[in-house]
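Residue-level listing of the chains:
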Amino acid sequence: MLNIISAIGNNKSIYPLLVRDCGIEIPAKVLMTYNQNKSDKKIAWLGARERFIDEYSVSAVWLGGIPLIDKIGKYLIKKSKGLNADINMKLFGNDKFQNIDKNIKDFAQKAPEAVQDLIKAKNNQKIFEKMMNTKFISSIVIPIALMGFVIPKLIFASTAKKMEKYKKNEIKNFGVKSFNEFRKEPSFGSSLTSTINNFTTVQKMAVTDGGYAVGRIVTARKRNEAIDLAFKMAGMMYLNFVAPNQLEKLFNKITDVNLDPKMLADKRFLASIKYKNLELPESNSAQDLLDFIDNNPNSIFTKLAGKYNKIKLLKNNVRDPRAYVDVKELAKFKNNIEKFQKYAQNNVIQAANKSIKLRSFTILANIALSSFLLAYCLPKAQFIFREFITGSKLEPGLIE
């Protein structure tokens, strides 16, 4: 159970998005779309059908396509030029504690294979940068094209056929309603820095969402549908990428518990606190943090920092010289350990159990609250906004 809570509590991974998006948000939105349009059964069914197909096909591209394209890009870079795309572009910068020349020198004996990758990248820097830029652009542009343009066009075309079928049936059986609006075919007409080159999957998703929103607005069938979509997409981007982090900070501030629940259940970590043999870096300076990691590869702090993705370690526990360490995140991790160490000094097990419960509660509360905002509050706000703008509760892209 702690493994699941730990996974969905990491807002830098795709797991919270997967739970909120596929497990809670989409089913709720499909149901609410149907209920919102139930005064017209045909529009209600078509709207729910569009929402179901749209949301799950977009999620497939959003959650699976970006990592897949990134992996394909890494493979092609390695296959064509023998370069390792895991090398962080920030190492080509002027950071005196982390740069490609320093890492080549410092890790020549500790990690010779990784250093060879660095040397190849340094000797082919221009080619490497171009290929990394191409990989980044591909991982953004292809999903945007699919989610923002191709998928809506296919869905609109499918809906148009359904509407045409309804029209023929109504002419044959009742002869009362016209769907001329849906005879029209939908139309597509309706220098990268190291920072963006090293975006995480979730950061790429956020950028992709922006392009996806633009694509959806451009491909909207009517002006009111474009306005309706713009409101929805703005809310989705905020609630998916900003609100969960804000909620996490708020909950952590209230409970004063910041460590992962799995870490709080780690017997070796708890024993090191109990018996007062947990060694930590002397300060939060980049030099002290990195020196401690590099000089103490088998320390509990180093292993925990690697396990919880604060640093990247090789199999021999040596820091990967191809990776770039976010020193601020590592310092925050150290501070959170010190805070728990101080809190738990009298009764480690009791403190750990209490902290696990609090941290697990805040993670589940974050998922529940952000899902409620996404799956219920945002659609409700959208429906109110839609009725105010259009004067109708019905889907603006489906009404005549």
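Residues numbered from 1 in each chain as written. Predicted model: local features only at pLDDT ≥ 70, side-chain atom pairs only at ≥ 80, totals over all residues. Heavy atoms only, no water.

### Let's talk about the side chain of D320
Stage number 1. Residue position: D320 is located in the loop between α14 (300–307) and α15 (327–343).
Stage number 2. Once residues within four sequence positions are removed from consideration, D320 is found in contact with A114, K312, L313 and L314. (Helix = DSSP H or I, 4+ residues; strand = E, 2+ residues; numbered from the N terminus. Contact = heavy atoms within 4.5 Å.)

### Considerations on empty space enclosed by the protein
Stage number 1. Considered as a void within the structure, the largest cavity measures approximately 270 Å³ in volume.
Stage number 2. Of all the secondary structure elements, the ones that give two or more residues to the lining of the largest cavity are α3 (41–81), α6 (125–173), α9 (223–241) and α16 (348–390).
Stage number 3. A per-class count over the lining of the largest cavity returns five nonpolar, four polar and 10 charged. (1 Å grid on protein atoms, 1.4 Å probe; cavity = no way out; pocket = protein on both sides within 12 Å on 5 of 7 lines; lining within 4 Å. Points joined across faces, edges and corners; volume = space filled by probe spheres on them. Nonpolar A, V, L, I, M, F, W, Y, C, P; charged D, E, K, R; others polar.)

### Regarding helix α10 (residues 243–255)
Stage number 1. Its 13 residues give α10 an end-to-end C-alpha distance of 18 Å, which sits within 8% of 18 Å, the value for a rise of 1.5 Å per residue.
Stage number 2. Those residues of α10 that fall on the buried side of the exposure criterion are A243, P244, L247, E248, F251, N252 and T255. Burial along α10 is one-sided: seen end-on, the buried residues are contained in an arc of 160°. Counted as exposed and oriented over 90 degrees from the buried face of α10: K249 and K253.
Stage number 3. Among the residues trailing α10, D256 stands out with phi positive, at a value near 60°. (Expected span 1.5 Å × (residues − 1). Buried < 20%, exposed > 50% of the residue type's maximum accessible area, 1.4 Å probe, protein only. Arc of directions from axis to C-beta.)

### Some words on the packing of helix α2 (residues 15–36) against α16
Stage number 1. Close contact between α2 and α16 brings their axes to 9 Å; oriented N to C, the two are set at 30°. When the axis of α2 is compared with that of α16, the two are roughly parallel. The crossing of α2 and α16 is right-handed. Where α2 abuts α16, its residues P16, V19, R20, I24, E25, A28, K29, M32, T33 and Q36 lie against I367, S370, S371, L374, A375, Y376, P379, K380, F383 and R386.
Stage number 2. Residues of the contact of α2 with α16, tallied by class, amount to 11 nonpolar, four polar and five charged. (Axes fitted to C-alpha atoms, helices over the stretch in contact; angles between N-to-C directions. Parallel < 35°, antiparallel > 145°, perpendicular 65-115°, else oblique. Left-handed = near helix turned anticlockwise from the far one by under 90°.)

### As for the environment of A375
Stage number 1. Checked against the element boundaries, A375 lands in helix α16.
Stage number 2. Sequence separation of A375 and M236 is 139 residues, and the distance between their C-alpha atoms is 9.7 Å.
Stage number 3. Each residue touching A375, except ones within four places of it in the same chain, is listed here: I24, E25, A28, K29 and M32.

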